[in-house]
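# Working through the structure, step by step
These are the residues of each chain, in order.
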Amino acid sequence: MANKPLYYGSSKSSPMYYGASKGPMYYGGSRGPGYGGVSYGGMSYGGTPGGQNAEDGSIVGTITIGRMLRVISQRWLSVFVFLLLGLIVAFAVYRISPTIYEASSEFTLNTKRAGGRQTVIDEMAPDYGTDYAVSFNTRISDWRSDKIVTKIVQQYRANHPASTVSDEEIISTLGGSKLELQRNSRIITITVRSQTPALAAALANAYAEAIDQYTDEDNKLLCDKAVSQINGQVKSQRHVVDKVAKQLLDFRTANKVDNLRMARDTISQSLSKTTTDILQLETEETQLIEWEKMLAAVQQDPASYGNLSTGVPRAQEIATEFRSYQDADGEYQKLLFAYTDNHPEVMAKKKALELSRQRFIDAASRALLTGRSTLQVTRNQLSNLRTKQEDLRNELASVEQRIVLAESGLGQLEADFNVQNRLLEDLLLRENEARIKAEQNFETVRIGRPANVPSKPVQPNPIMIFGAGVVLSIALGLLFVLVMDNLEDTVVNLSDIEGRLALKVLAVLPHVRRKKREQVAKFSIEDKYSQFSEAVAGLRNLLDSPRYEAISHCLLVISTQPGEGKTITSTSIAISHAQTGKKTLHVDFDMRRPRLAKVWGLDLKLEKSFSHALQAANGGSTPDFESLVNPSGVENLDVIASLPPEGISPANIFGSSVVADFFEWARATYDRVIIDAPPYGLVGDVVSLAVMADSVIIMCCPDRTHFKPIQFCSRSLTEAGANILGVIVNDVEVSNASAFNPSSHHHGYGKYGYSGYGYGYGYGYGYGYRPGKKGKKKVEGQGVGEGQGEGVGQDKGEANPKKEDFADEE
């Protein structure tokens, strides 16, 4: 994965933004209904991460153009290997394939008399033209029969008496032969393939000659039969035509189809006019209902007169009374401004105002009665028209049913009559032709171009073989790299987070080159105008926006595994809030591995240890939370930290009511409360904290955070009732202003690897705080550390770091 590019951001022309997407934002990571959520001020937050853009569950994953380009750029070598293998296989197929030669001969099939003067009968005969393909398809079954195969063998033996080719080989070769009608012509091509070029040409010529002989014999038999049988067929067909004609006349007399059609047109016109009238009256009814609602509202509140339409009944009268009411109200307000309520002039004007208001309401009442009367009349008319419409529809359906029955019977009889009459005409024509052409062929075959011995083979075809090898190998290579990319299960770019996880990206925090945690955590204080500080400030502005402010009072920062930067991020957020003048509290709830005392450089005593105070209060007494507060050295920012977990039980603490008391005290005392929580999944403390906090932010590191843990975390917290705001992408290498352009940087996190903070202690049962045990280090890139307990350690830093810098980093 050392060469995989990162795509965090948009193109060079687009500025870096917070909240990840320029489109609509969905909180809790769902674009659809979720497992639950929290509602603030009519806005819903929370939901399942399994939204519409969630992973489709296939082994390949969601296929998009952007993902395919990224995967190809990362794993082009695998695709290239598949391409080489495909070329090798294609070459092997090309070498082992047998050499096949192809020979072709041509002949034409004529359906008119061959030679001689054109008679009147010839001119009357149908010209097949484009229907020649029908004749070919009809005859091809005869030309592929066993009788033709026998004639071909006989013709081949006659043409090549010295040939040693067996009959079985000839028949086997003819099994792959083809007869094809050339488009827009009467030329038929015979194609024969064989490993011997001379045999292919000889069989193609023998095939054409055998078809010529077979056609001559067949035509002679047909002509002999036509002379003796055609006369009886004509008489029988004439009797059938007369019978069908009588049935057609009787049907037309019994069923008056024309009268039924005229009645249908008349009823359709009446129904159309009635439907138009109903639509017009329904429009008037809707308008009258709206006017009734508006007049009723005006009666209750004259101030809503501005919403009254000008088409309302008695609108002019209402407008006159409303203006009088406004004038009286204006004069009353002037007097009320100058005098008290008990002043005679004020009281007199108030009575005048009430009378004006009553006149306005009376005018509205009269208009309402007028509108209701008109509405009732309209509804009566609608009822009558709908009844009429239903009757017309029933009548029209009945007439149409009779027409359908009559037309179907009439059409069937007419079609039958036309068919029988056409058959009769055809028989008459055939009878005349049979008399004239009794001694002539009905169909003739003329051999055109004979087959020549081929010099070049048609198989194997290198273009087709190697082309198919290239296409199939590239397709298999793409499938392979897509499957490998999907099974890798690590977050690589923003589309992975917002597409597969369906969580919004709140901010992208760039990589900061520092060797110690406290240096990175306090970087916002040292350089307020760095890219890291600007990114944190943008996140703070997003949390302070009207959309988030109601749910960001008490903020919980979590991760799915150690080393994703939740402590540094929570510290930076707390510093940024404090710099805006808000009274902020930074709380260390990671009681199994507390880090805030080290980050803030606190010389913490046992009596000021948060975890020990909560353990002591677990018996029932409420601790003095104010006494646990430590100054951070940053204005408006206080810190509550914990000592290493010696003699305490974090599980018992989180299950007690004293934690809820602390949250109540923190909300009442501070403007912002930022909580550094333990990683989710290693311990179960996060669930209880997430429910008590206002909202949760999940940390994510490119190429380190896995999809399934973060999906499980989001789903579990949402089901428990927590409100997930989104994801912060941490530790992204940014070297210039265009760092978030996918084409401007490559996979990896800088010359020296990660952001310079590591962790060397695990989570789990039976683990403790052992500052004497130090993790391993690696100068460049990413190293694996050895942690105390059952956890996994990992260090990240610049070149030549000191051992003490990694002693107790996350």
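Structural data are supplied above this passage.
Residues numbered from 1 in each chain as written. Predicted model: local features only at pLDDT ≥ 70, side-chain atom pairs only at ≥ 80, totals over all residues. Heavy atoms only, no water.

## Some points on the pattern of salt bridges
- On inspection of all chains with the given rule, the structure shows 16 salt bridges.
- Note that Arg157 is salt-bridged to Asp167, the shortest N-O span being 2.5 Å. Note that Arg157 is positioned in helix α5 (residues 146–159) and Asp167 in helix α6 (residues 167–174), a separation of 10 residues in sequence.
- Judged by relative accessible area, Arg157 falls into the partly exposed class, the value being 27%.
- Note on Asp167: relative accessible area 35%, which makes it partly exposed.
- In this structure, the salt-bridge partner of Glu331 is Lys349, at a minimum N-O distance of 2.6 Å. Taken together, the residues Glu331 in helix α9 (residues 315–338) and Lys349 in helix α10 (residues 344–436) connect sequence positions 18 residues apart. (Salt bridge = Lys/Arg side-chain N within 4 Å of Asp/Glu carboxyl O. Helix = DSSP H or I, 4+ residues; strand = E, 2+ residues; numbered from the N terminus. Buried < 20%, exposed > 50% of the residue type's maximum accessible area, 1.4 Å probe, protein only.)

## A short note on the pairing of strand β3 (residues 101–110)
- Extensive coverage of β3 is indicated by the burial of eight of its 10 residues.
- Two strands pair when backbone bridges link them, and β3 and strand β5 (residues 187–194) are joined in this way by eight bridges, in the antiparallel orientation. Residue Tyr101 lies in a different strand from β5, and its bridge partner there is Ser194.
- With four bridges connecting them, β3 and strand β6 (residues 444–447) associate as antiparallel partners. Residue pairing for β6: Phe107 is matched across the bridge by Ile447. (Pairing = 2+ DSSP bridges.)

## Structural notes on the environment of Val81
- Counting through the fold element by element, Val81 comes out in helix α2 (residues 76–96).
- For the pair Val81 and Ser473, spaced 392 residues apart in sequence, the C-alpha separation works out to 8.9 Å.

## Focus: the sheet that holds β5
- As summarised here, the arrangement of the four strands in space is β4-β5-β3-β6, forming an open sheet in which the pairing is antiparallel. If you trace the sheet from one side to the other, it starts and ends with β4 (178–181) and β6, each paired once. The average undirected angle you get between the axes of adjacent strands in this sheet is 30°. (Axes fitted to C-alpha atoms, helices over the stretch in contact; angles between N-to-C directions.)

## Thoughts on the nonpolar core
- If you look at the biggest cluster of nonpolar residues, it comprises 51 residues, and the most contacted ones within it are Leu556, Ile558, Phe589, Phe662 and Leu717.
- Broken down by element, the residue count for this core peaks at six residues, all from helix α20 (residues 658–669).
- Setting aside anything within four residues of it in sequence, one finds Leu556 in contact with Ile675, Ala677, Val686, Leu689, Ala690, Ala693, Ser695, Val696 and Ile697.
- Counting 38 residues, the second largest nonpolar core, distinct from the first, contains Val512, Leu539, Ala597 and Leu604. (Core = buried A, V, L, I, M, F, W, Y, C linked by side-chain atoms within 4.5 Å. Contact = heavy atoms within 4.5 Å.)

## A few points about the state of the cysteines
- Going through the model one piece at a time under the given rule, you end up with zero disulfides.
- Take Cys700: it sits in no disulfide, and the sulfur closest to it among the cysteines is that of Cys701, at 6.8 Å. (Disulfide = S-S within 2.5 Å.)

## Looking at unusual backbone geometry
- The omega torsion of the bond from Gln459 to Pro460 falls at 0°, within 30 degrees of zero and hence cis.
- Non-glycine residue Asn184 carries a positive phi angle of around 60°.
- Note that Asn184 resides in the loop between β4 and β5.
- One non-glycine residue, Asp731, lies in the positive phi region at around 65°.
- Mapped onto the elements of the fold, Asp731 is located in strand β14 (residues 724–732).

## Observations concerning helix α22 (residues 707–720)
- If you check α22, its first and last C-alpha atoms are 20 Å apart, about what 14 residues at 1.5 Å a residue would give, namely 20 Å.
- For α22, every residue scored as buried is listed here: Phe707, Ile710, Gln711, Cys713, Ser714, Ser716, Leu717 and Thr718. (Expected span 1.5 Å × (residues − 1).)

## Examining the sheet that holds strand β11 (residues 637–640)
- Taken together, the eight strands give an open sheet; going across it, the order is β7-β14-β13-β8-β12-β9-β11-β10, and neighbouring strands pair in mixed fashion. Unpaired on one side and paired on the other, β7 (505–510) and β10 (630–631) mark the two borders of the sheet.
- Both strand β13 (residues 695–700) and β14 contribute to a ladder of five bridges, which runs parallel. Residue pairing for β14: Ile698 is matched across the bridge by Val727.
- Its contacts with the sheet place α20 against β8 (554–558), β9 (584–588), β11 and β12 (672–676), and it is angled at close to 155° to β9.

## A closer look at helix α11 (residues 462–488)
- Between its first and last C-alpha, α11 extends 38 Å over 27 residues, near the 39 Å set by a 1.5 Å rise per residue.
- Within the span of α11, buried status applies to Ile465, Gly469, Ser473, Gly477, Leu478, Val481, Leu482, Val483, Asp485, Asn486 and Glu488.
- One side-chain oxygen at the N-terminal end of α11 lies 3.2 Å from the backbone nitrogen of Ile463; it belongs to Asn461. (Polar contact = N/O pair within 3.5 Å; in protein donor to acceptor, adjacent residues only side chain to side chain.)

## As for the environment of Ala677
- The residue Ala677 is located in the loop between β12 and α21 (685–692) in this model.
- Contact partners of Ala677, with chain neighbours within four places excluded, come to Leu556, Val557, Ile558, Lys566, Asp590 and Leu689.

## Topic: the packing of aromatic side chains
- Considering all chains together, one arrives at 14 aromatic pairs under this definition.
- With 5.1 Å between their ring centres and 80° between their planes, Phe589 and Phe610 make a pair best called edge-to-face. With a gap of 21 residues between them, Phe589 in the loop between β9 and α17 (596–600) and Phe610 in helix α18 (residues 610–616) connect regions that are remote in the sequence.
- For Phe610, a relative accessible area of 0% translates into the label buried.
- Here the aromatic residues Phe589, Phe610, Phe625, Phe662, Phe663, Trp665 and Tyr670 are joined through ring pairs into a cluster of three or more.
- Lys583 extends its terminal NZ or CZ atom over the ring of Tyr670, reaching a point 5.0 Å from the ring centre. (Phe/Tyr/Trp six-rings, centres within 6.5 Å; stacked < 30°, edge-to-face > 60°. Lys NZ or Arg CZ within 6 Å of the ring centre and 35° of its normal.)

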